[in-house]
Amino acid sequence: MVDASQQGEVIFELQPDRRLVLVGANRTARMILNAGSLQFIGKSIEEAFTSGVLATLHESVRLVAETGKAFPRQLVRLGPDPIRDEYQIDAFQPGPRQAILVFDRATNRSNLNDELRKLLYAVEQSPASIVITDTSGIIEYVNPKFTKASGYTFAEAVGKTPRILKSGNLPMTVYKELWETIIAGREWNGEFLNKKKSGELYWEYASISPIKDASGRITHFLGVKEDITLRKRSEEALRSSEDSLRVIFNSVHDAILIHELNGTIIDLNDKGLQLFGVERERALSLSMKDDLSSPENSMDELSNYWRKAVLGENQFFEWKARRPDDGSKFDVEIFLRRIVLRGKPSILTTIRDVSERKRMQSQLNQSQRLESIAAVVGSIAHEFNNTLNNVLGFAALIKKYVQDQTKVARYSQAIEQSVLRSADLGNRLLSFAKEAKKESAPIDLGVLLSALVDKSRKILGPGITIATKIDPALMKILGDRQELGQALMNIIVNAKEAIDARQDSSTTRCVLL
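As the structure is a computational prediction, the values presented were derived from the model and not from experiment.

Each helix and strand counted, the chain has 15 helices and 19 strands in total. Of all 513 residues assigned to the chain, the portion counted as buried reaches 36%. In the chain, 47% of the contacts between residues at least 6 apart in sequence involve partners at least 24 apart. Entry remark: accessible area of the chain is about 30700 Å², with carbon and sulfur atoms responsible for 54%.

Moving on, we get to the nonpolar core. In this structure, Val10, Phe12, Val61, Leu101 and Phe103 are the most contacted members of the largest nonpolar core, which totals 41 residues. Aside from chain neighbours lying at most four places away, what touches phenylalanine 103 is Gln7, Gly8, Val10, Ile32, Leu33, Leu54, Leu78, Tyr87, Gln88 and Ile89.

Our next topic: the sheet that holds strand E9 (residues 201-212). Pairing is antiparallel in the open sheet, where five strands are placed in the order E7-E6-E10-E9-E8. With one partner strand each, in any of the chains shown, strand E7 (139-142) and strand E8 (188-195) form the two edges of the open sheet. Each adjacent strand pair in this sheet contributes to an overall mean axis angle of 30 degrees, direction not counted. Direction of pairing for strand E6 (residues 129-134) relative to E7: antiparallel, over a ladder of three bridges. Paired with isoleucine 132 across the bridge in E7 is tyrosine 141. Contacting E8, E9 and strand E10 (218-227), helix H7 (residues 172-183) crosses the sheet at an angle of about 140 degrees to E8. Along the sheet face, helix H8 (residues 229-251) touches E8, E9 and E10 and points at about 130 degrees away from the line of E9.

Okay, the pairing of strand E4 (residues 86-92) next. Counted residue by residue, E4 has five buried out of seven residues, so it is predominantly covered. Across four bridges, strand E3 (residues 74-77) lies against E4 in antiparallel orientation. When the sheet's bridge partners are listed, arginine 77 is paired in E4 with glutamate 86. As paired elements, E4 and strand E5 (residues 98-105) share six bridges and run antiparallel to each other. Following the sheet pairing, phenylalanine 92 is matched in E5 by isoleucine 100. Counted between consecutive antiparallel strands, the loop separating E4 from E5 contains five residues, among which arginine 97 sits at a positive phi close to 60 degrees.

Buried residues dominate E5, accounting for seven of its eight residues. The pairing of strand E1 (residues 8-14) with E5 spans six bridges and is classified as antiparallel. Looking at the pairing, phenylalanine 12 lines up with alanine 99 of E5.

Reading the values: rules and limits
- Residues numbered from 1 in each chain as written.
- Predicted model: local features only at pLDDT ≥ 70, side-chain atom pairs only at ≥ 80, totals over all residues.
- Heavy atoms only, no water.
- Helix = DSSP H or I, 4+ residues; strand = E, 2+ residues; numbered from the N terminus.
- Buried < 20%, exposed > 50% of the residue type's maximum accessible area, 1.4 Å probe, protein only.
- Contact = heavy atoms within 4.5 Å.
- Areas by Shrake-Rupley, 256 points an atom, 1.4 Å probe, with all protein chains shown as cover.
- Core = buried A, V, L, I, M, F, W, Y, C linked by side-chain atoms within 4.5 Å.
- Pairing = 2+ DSSP bridges.
- Axes fitted to C-alpha atoms, helices over the stretch in contact; angles between N-to-C directions.

Dropping the structure here:
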C-alpha cells in the first residue's frame, strides 16, 4: 500500500474460519472512511463496514480473497456531495487469501466529463424522486428528492429494496405486473400508495424502466416517481363534492334536465325519470319537442322559447307535457336557463308538475261561482216572486173580464212577457252555474239566425213581423253557440217590448235584424 496514493486502499486477509480481517489501510482510505489508523485494524469486514453501501460488499470481497474471482466494479457515494463523495470501488487479490479494496474518486476518472457532471447535477436537483436498483431490486442510488419524500436517508435506502416503502394497500397483482413488464424490457407506469419512514401514507406516480448495456443486457432498473398526494386529495374532494351535488340534484322536488344546445338530453334527476315514467338510459335518447310534449302545444312557440334561452335569455312558460309510454298529458311550468357545465354551454331545464294545482284552482273557481250564486239567490227568488205575482194577477183579471177579448188579449200578452223574462233569467242562471268550461266552436250564423227566427215568431205573435236577409257568403265565427243565440234572442225580445210600448197602433210594427 502507498500512503501518498490518491486512491484509498484497504487490505484484508482471509482467516481459516472464513473471517475476512482488515489488516491495513492507507491514509487516503482512512480519510475516505473517516477512521483513525488503528480503528479498523484487526476487525472483520462485517465489523468495519456495518451500514450503507459498503455493507453490501462483504461476500464479493471474500470471494476475491478465496478464489481471485473478478470483483464487479461499482460506483458508490459515501457522502452527501454528488461529486466529491462519489467513488469507484474495485477489488483484486494481491496474494493468496488476500484482497485489496480500492477506492478511486470519480472525479479522477477521465471518462467523467462535463456532460456526465451536468447529468448528475440534473438528477440530484430533480423535483422527482429517482431510484436506481440492480436487477434483483437492491437499491444502489436515490436522489435527494427521494430522501425528502420518503424520510429515508441515502445510507438507509441503499442496500435495501423498494419494499421499505410498501404500505400493504395495493394488491400483489400490481407488483407482479410491474416485474413482468420491466424484466421483459418494457416501461411500466402506474400509481403507488407508499408509506414513509414515519408511517405516513403518500401517493406516487411512477415510471419504471430497464437500463441496458451496450449489448442490450438489462443491468439496472430506473424509477422516476412524482408525489401526487395533493392531486389525489383534490380528486377525492372533487368526487365527494360531486357525490353531494348528485344527492342534492336527485332530492329536488322539480324535474331537472340538462341539455346540449341542440336539445339532446345529457342528464336528468330522479324526479325527471319519475315524472315522465322512463328509465335513465331511454331518457337520454328522448327529445323535449318530439317525445315529452303534447301535440296540442305550439311547437313553433317552443322553438322560440328555446332559441331565446340559447341566446342567454331566461324563459318561463306553461306547457302541456306528455309521458312517452302511455301518452298521458299533464300541465307543467318550464324554466329554461343557459349555463356553462364543465366548460361547455348547456341548457338547464326545470319542470314543475302543476296538474294538482290547476285542479285545485278549478275547484276553487267553481266554489267561488257557487258562492256568488248563493249570494244572489235572494234577489233571484224575489225576481221570480214578482213575476209569479204578475202572472197570478193577470190571470185573475182574465177570469174577471173573460167576455172582454181586448182586455183578455192584453192580459195574456203581459203573462207571456213575464214568463219569457223568467225563462231568460233561468237560462242566465244556468249558464253562470255551469261547471264545465265553455269551449269555443265554429258557428254558422245563417243556420243559427234561421233557427232563432222560427223560434221568435211564436214569441212575437201575429201582430209583429220579423224579416231576415242573410248573406250566403257569411263566414263562420268561433264562439259559444248558446251564449250567442241567447244574446240575439234578448235583442229580439227587447225590440218587441219597445214596439209594444208605442201607443200608435196604425204604425207598422217591425223588428229589423
